[in-house]
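# Reading the structure
Chain by chain, the residues run as shown.
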2 protein chains.
Amino acid sequence: MMDLEFLSQVQQAYRAVQNDQVAALMSFDDEALLTRDEWERADGGGGDTRILKEGKVIEKGGLNFSAVQGAVTPALAQQLDTSATRFAATGVSSVLHPCNPHVPIIHMNVRYFTLDDGTWWFGGGIDLTPHYVLPAEARLFHRDLKAICDRHAVADYGTFKPWADRYFSIPHRGESRGVGGIFFDHIGRDGGVDREEALAFCLDLSSHYAAIYKERAAPFVQSFVDADDMHWQGLRRGRYVEFNLVHDRGTRFGLVSGGRTESILMSLPPRGHWDYDHEPAPGSRQAETLEWLRKGVEGVDWLSQ
Amino acid sequence: MMDLEFLSQVQQAYRAVQNDQVAALMSFDDEALLTRDEWERADGGGGDTRILKEGKVIEKGGLNFSAVQGAVTPALAQQLDTSATRFAATGVSSVLHPCNPHVPIIHMNVRYFTLDDGTWWFGGGIDLTPHYVLPAEARLFHRDLKAICDRHAVADYGTFKPWADRYFSIPHRGESRGVGGIFFDHIGRDGGVDREEALAFCLDLSSHYAAIYKERAAPFVQSFVDADDMHWQGLRRGRYVEFNLVHDRGTRFGLVSGGRTESILMSLPPRGHWDYDHEPAPGSRQAETLEWLRKGVEGVDWLSQ
């Protein structure tokens, strides 16, 4: 049996997370156009998608809340490795694509899954994708994530950081998507975890999302930009598209399992570029960025940079 | 045992196909910049990638020849449904992304596969992706493909046309990629086919690629274009990216099996756009195009339009 009371508690908390994130981001970028799209899922449940666009900081961003439930289809049974017959899932996810190439892209997601065999788990993560890697900025980002993890017994930066490195890698390019962050899944699935504590960690993490982004974004919002920077931003956004469509398990599962396409693909940038075999000029900032991204999975301890 | 003499004959014929296609396209678009990239595959064989860009007709196009061989890896054994241990494959593929949104995108591919258990087969196809669907143009394109098929006992337009419709569909969008064309695979694998005849069909098809494109492209190269057309082209190119990265079996297999990423992804457009939940104005040419593309798999008999 599912604990519907706890499920409802998580759903309400995640709804509040989305509202708070939207409010904080709109206060940071008061020129962004905000739209809201509430939707229903044919097989049960629905969601609420908020889109920010054409702001002074954010060119295109999305924040999606969903609370869905239904039968465990064969595809889902395989994905979840379960013989349970009913599931419920709720989550908040967000991706922000900034206007200025010197401002990084950010992504976060927290989710909760429960099955009718009584199992449940939390998952989520947050990662930063600068178009130009600045080690000092990556260090501050990871410092913030470590501080949040350190406040919670259920969280371990030392485990979640390399997990993100493995997850947010683009094997066909031999590149990391960005400077990583933290990623976690199946927290609580094998027992031994207090669910209130797991929820508290997810809420602590997601409630700091907007503030974390503001700190990394604000100093660069007015940075000087030339045509070369814009083109490079397009190429790095192209890589973001490649990661999401080829490798990201959540995106792929959503698309092939009949999820709501527009809410899933809100993560894509407003535009992406592809040049054949583009290599930046040796010694350029772009070449330096590629060197960082090509250091190999789990290659960089950002806290020590 | 593989018939290495026939393999070599196919490789030479496909090399000639690529050279002829490049020459014909450069004569059609004499302002395009042509680059050549010969490459080797670590596990055996290699290829020759030609890129056309910044022409008066073609903004970015690629023509790739490859001739590879090696051990049948577990992934390949599963993909090919075989217990053979060695394979060889050779093919030519091409995608052309035009500058003008009123000119369609075109794609073609011919390939030959042989295994050390003595089996062999041909595959390939050609399909047209207009940014604006014009039924009369789709009819002429399909008429040309039917005429080629009708000249060869091994080819059947009535089978290959719906095969293309099924293959070049984007299920997560409920759309066809374009107006289809023909697609075929495993020709000869079950016996009963003369391999010289199968090769002759593939060469007839691929030798008409440049001429077929010229006929569909030339009348629209100078068409008037406004900002709205350019934006729409970006959105349709975004769909092309989605099809290739999410659904195209050749692209996905290449990327996850360690193929040469740049040669595989030469099929991507120079740029792609993504707007959240974009719907064109009712009654617009863009809305009309979407109506054609949403008629469902195998929905349109273009020859009768």
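None of these values were measured; they are calculated from a predicted model.

## Quick look at the overall build of chain A
Of the regular secondary structure elements, chain A holds 10 helices and 10 strands. Projected onto the principal axes, the alpha-carbon positions of chain A cover approximately 60 × 40 × 35 Å. Relative to its full complement of 305 residues, chain A shows a buried share of 60%. Treating the 31 positive side-chain charges of chain A as one cloud and the 43 negative ones as another, the clouds have centres 2 Å apart.

## Here we look at the packing of helix α3 (residues 135–150) of chain A against helix α5 (residues 195–207) of chain A
Residues and elements named next belong to chain A. α5 packs onto α3 with a crossing angle of 155° between their chain directions and a minimal axis gap of 10 Å. Taken together, the axes of α3 and α5 are roughly antiparallel relative to one another. The hand of the α3/α5 crossing is right-handed. Across the interface between the two elements, L145, I148 and C149 of α3 pack against F201, D204 and L205 of α5. Split into classes, the residues belonging to the contact of α3 with α5 amount to 5 nonpolar, no polar and 1 charged.

## Some points on the interface of chain A and chain B
Facing the 29 residues of chain A at the interface are 29 residues of chain B. Buried surface at the junction of chain A and chain B, summed over both partners, amounts to about 2,600 Å²; 58% is from carbon and sulfur atoms. At the surface where chain A touches chain B, the tally comes to 2 salt bridges. Its salt-bridge partner being R173(A), residue E262(B) comes within 2.9 Å of it at the nearest N-O pair. Here chain A and chain B share 15 residue pairs in polar contact (both at pLDDT 80 or more) between them. Contributions of two or more residues to the side of chain A that touches chain B are made by β2 (45–53), α7 (227–247), α8 (249–256), α9 (261–264) and β10 (271–273) of chain A.

## A look at the sheet that holds strand β1 (residues 33–40) of chain B
Residue and element names in this part refer to chain B. Spatial ordering of the open sheet is given by β1-β2-β3-β4-β5-β6-β9, a layout of 7 strands whose pairing is antiparallel. Every interior strand has two partners, whereas the edge strands, β1 and β9 (181–187), have only one. Strand after strand, the sheet turns through a mean of 5° between neighbouring axes, direction not considered. With 13 bridges joining them, strand β3 (residues 58–71) and strand β4 (residues 86–98) adopt antiparallel strand pairing. Considered in β4, the bridge of L63 is made with S94.

## Some words on the pattern of salt bridges
In the structure shown here, the tally under the stated rule is 46 salt bridges over all chains. A salt bridge links R216(B) to D144(B), with the shortest nitrogen-to-oxygen separation between them at 4.0 Å. With R216(B) in helix α6 (residues 209–217) and D144(B) in helix α3 (residues 135–150), this pair connects stretches of sequence that are 72 residues apart. Here R216(B) matches D144(B) in class, with each residue buried. Within this structure, R15(A), R36(A), E38(A), D48(A) and R50(A) form a network of salt bridges that share partners.

## Focus on the pairing of strand β9 (residues 180–187) of chain A
Residues and elements named next belong to chain A. Burial analysis of β9 places 7 of its 8 residues in the buried class, which makes it a mostly covered element. When strand β6 (residues 120–129) meets β9, the two strands line up antiparallel, connected through 6 bridges. For G124, the partnering residue across the bridge sits in β9 and is F184.

## Here we look at unusual backbone geometry
Residue and element names in this part refer to chain B. The backbone phi angle of D81 is positive, close to 55°, even though this residue is not glycine. Judged by relative accessible area, D81 falls into the exposed class, the value being 66%. In the Ramachandran plot, H186 falls in the positive-phi region, its phi being about 60° despite a non-glycine side chain. Assignment of secondary structure puts H186 in strand β9.

## A short note on the packing of α7(A) against helix α7 (residues 227–247) of chain B
It is the contact of α7(A) with α7(B), at a shortest axis distance of 8 Å, that shows an interaxial angle of 45°. On the basis of the axis angle, α7(A) is oblique to α7(B). α7(A) and α7(B) meet at a crossing whose hand is right-handed. Contacts from V241(A), E242(A), L245(A) and V246(A) of α7(A) reach α7(B) at V241(B), E242(B), L245(B) and V246(B). The class makeup of the residues in the contact of α7(A) with α7(B) is 6 nonpolar, no polar and 2 charged.

## Some words on the relation of the copies chain A and chain B
For the pair chain A and chain B, the best superposition has an RMSD of 0.0 Å and corresponds to a rotation of 180° with a translation of 0.0 Å parallel to the axis. Taken together, these values place the two copies in the relation of a two-fold axis. Residues of chain A ranked by C-alpha distance from the rotation axis are headed by G272(A), positioned 2.6 Å from it. Same-surface contact between copies: 100% of interface residues of chain A are shared with the interface of chain B.

Cut-off values and rules
- Residues numbered from 1 in each chain as written.
- Chains lettered and ligands numbered in written order.
- Predicted model: local features only at pLDDT ≥ 70, side-chain atom pairs only at ≥ 80, totals over all residues.
- Heavy atoms only, no water.
- Helix = DSSP H or I, 4+ residues; strand = E, 2+ residues; numbered from the N terminus.
- Buried < 20%, exposed > 50% of the residue type's maximum accessible area, 1.4 Å probe, protein only.
- Lys, Arg positive; Asp, Glu negative; His and termini not counted.
- Charge placed at Lys NZ, Arg CZ, Asp CG, Glu CD.
- Axes fitted to C-alpha atoms, helices over the stretch in contact; angles between N-to-C directions.
- Parallel < 35°, antiparallel > 145°, perpendicular 65-115°, else oblique.
- Left-handed = near helix turned anticlockwise from the far one by under 90°.
- Contact = heavy atoms within 4.5 Å.
- Nonpolar A, V, L, I, M, F, W, Y, C, P; charged D, E, K, R; others polar.
- Buried area = accessible area lost by both parts, 1.4 Å probe.
- Salt bridge = Lys/Arg side-chain N within 4 Å of Asp/Glu carboxyl O.
- Polar contact = N/O pair within 3.5 Å; in protein donor to acceptor, adjacent residues only side chain to side chain.
- Pairing = 2+ DSSP bridges.
- Least-squares fit on C-alpha atoms with pLDDT ≥ 70 in both.

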